[in-house]
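# Tertiary structure, described
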Amino acid sequence: MTKKELWLTIKNYHFTDLVPPNLWQNISEKFGGDDASTKAFATKIARKLHWKYRFARKAIWEYKKFIYLGIVSDFQVTPSRIIDQVWHEHVLFTRAYREFCTEVIHYPFDHNPELMPDPKMTGIFHAQYLDTIELYKKEFGIDPHAAFWGEPKFGWDETLSNPFTSTKKTGSLKNARSINDDTPLVTYFAHDIIPGGGNGFTEFNGGDYGGAGAEGSWDSVDAGSDSSDSGSSCSSCSSGCGGGGD
């Protein structure tokens, strides 16, 4: 499988067999709207985490990018808080997630939380997070939006002084990464450049939601609740997470 084929497979995945779509979501899909299953998954996440629906949809789009990075990288990736929360929600559907790994991406994309605080492991996750951000910039040709990627599960002061390095993939995990292509993914989608800036990776449904990279200013996309929801802004994950299996 090429990088382009892998990305298109992940991009077009619809999160089926997770949350049953409602009648309106099914009708909307039949008339050319976005797929009902992803809408249903986003609605569940938005309600559970007290996010706005549109924020949840964009977070799912960024989560798909994280999955891609976790497969093509030669190190174990680590997500931001927001991406990790979407990952948690996907993993909760154990059968569907297992089928996603075995039948869709053909990769053991295991979720490995830091269950007990450990300075060494936390330091490694710090390094992996920064390397994940750099790989994102290389592969997608844009800075990751700070509202989704700008907040690590640890302080920036700790990160900047972190002496650890990312864990490299070895053994069966390394063999599962069958894509030996150093060409950035964005190269294969040069025709998707949007007039005025941005490219086809900036938004799940076209357009750009702006923002700088993780080290830049915050052009915030509000994660707060919709007027139809109640509750506070998004909850956070207290543990560190590494991706891609052991």
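The structure displayed is predicted, hence computed values, not measured ones. (Residues numbered from 1 in each chain as written. Predicted model: local features only at pLDDT ≥ 70, side-chain atom pairs only at ≥ 80, totals over all residues. Heavy atoms only, no water.)

## Examining the side chain of T38
Here T38 lies in helix α3 (residues 36-49). Given the relative accessible area of 4%, T38 is considered buried. Side-chain polar atoms of T38 contact the backbone oxygen of H14, separated by 3.3 Å. Those residues in contact with T38 that lie beyond four places of it in its chain are Y13, H14, F15, R57 and I60. (Helix = DSSP H or I, 4+ residues; strand = E, 2+ residues; numbered from the N terminus. Buried < 20%, exposed > 50% of the residue type's maximum accessible area, 1.4 Å probe, protein only. Polar contact = N/O pair within 3.5 Å; in protein donor to acceptor, adjacent residues only side chain to side chain. Contact = heavy atoms within 4.5 Å.)

## Considerations on unusual backbone geometry
Unlike most non-glycine residues, H50 shows phi in positive territory, near 60°. If you trace the backbone, H50 turns up in the loop between α3 and α4 (53-72). The exposure class assigned to H50 is partly exposed, which follows from its relative accessible area of 28%. One non-glycine residue, H106, adopts positive backbone phi at about 55°.

## Some details on the environment of A146
Its place among the elements puts A146 in helix α8 (residues 146-149). Expressed as a C-alpha distance, the spacing of A146 and S80, which sit 66 residues apart in the sequence, is 9.8 Å.

Just distances and angles here, no functional claims.
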